[in-house]
Amino acid sequence: NIIFGPYLAFGDLELLKILYPKYFYDLISESCKEYNLDEFILLSLIRTESYFDNDITSVAGAIGLCQLMPSTASDVSRKLKMKEYDLVNPETNINFGGFYLAELTSRLEDNFILALCSYNGGINNVRKWRRSNPNLPIDIFLETIPFEETRYYGKRMIKASSIYGLLYYDVSPMEVVSIMGVF
């Protein structure tokens, strides 16, 4: 058994790396530099959305690694001044996903967890929920989100980001949740 830092005993570190891979790492790193994102957050988003399957399409119509809806992609392409794009292309999808996450973050108190919940449940919903509970700490606010899927998504993102942060970046779970805006 390998003790994974002072935080958790996970057993085989190689198995953990299989469960939390860094596929498309160069593209993810480039997007994170471009949009000032932490790599462990974008890795977590892609793992959670598509498990790194660039050809996947959801039943709702979201496409690719970052599971972007066509309407969102159209808006992003307009802002990036790209007339033609292919959401199945990993470079395009990761670039659009990184841009969109950074934009949501800047529009939501520079808070990654609010941005990630918006990524899943919509910015208007998150703003409405936040207005209803403006003084709640983010960790408690997360528990009040009325959409079960979005509430669960936020928790999954915290977990995956914490694991990626510790596994590859030597960032403690407390630092990760602080960076994400939970505390």
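Our subject is the structure listed above.
Small disclaimer: the values here were computed from a predicted structure and weren't measured. (Residues numbered from 1 in each chain as written. Predicted model: local features only at pLDDT ≥ 70, side-chain atom pairs only at ≥ 80, totals over all residues. Heavy atoms only, no water.)

## Digging into the environment of Asp-110
Examined against the element boundaries, Asp-110 turns out to sit in the loop between helix H5 (90-107) and helix H6 (112-121). Relative accessible area serves as the criterion here: at 59%, Asp-110 is assigned to the exposed category. Expressed as a C-alpha distance, the spacing of Asp-110 and Met-180, which sit 70 residues apart in the sequence, is 9.1 Å. (Helix = DSSP H or I, 4+ residues; strand = E, 2+ residues; numbered from the N terminus. Buried < 20%, exposed > 50% of the residue type's maximum accessible area, 1.4 Å probe, protein only.)

## Some details on the pattern of salt bridges
One pass over the full model with this rule turns up five salt bridges. For Lys-79, the salt bridge goes to Asp-75, with nearest N and O atoms at 3.1 Å. Residue Lys-79 and its partner Asp-75 are located together in helix H4 (residues 70-79), separated by four residues, close to a single helical turn. For Lys-79, a relative accessible area of 31% gives the class partly exposed. By relative accessible area, Asp-75 is classed as partly exposed at 26%. Linked through salt bridges whose partners overlap, the residues forming this network are Asp-75, Arg-78, Lys-79 and Glu-103. (Salt bridge = Lys/Arg side-chain N within 4 Å of Asp/Glu carboxyl O.)

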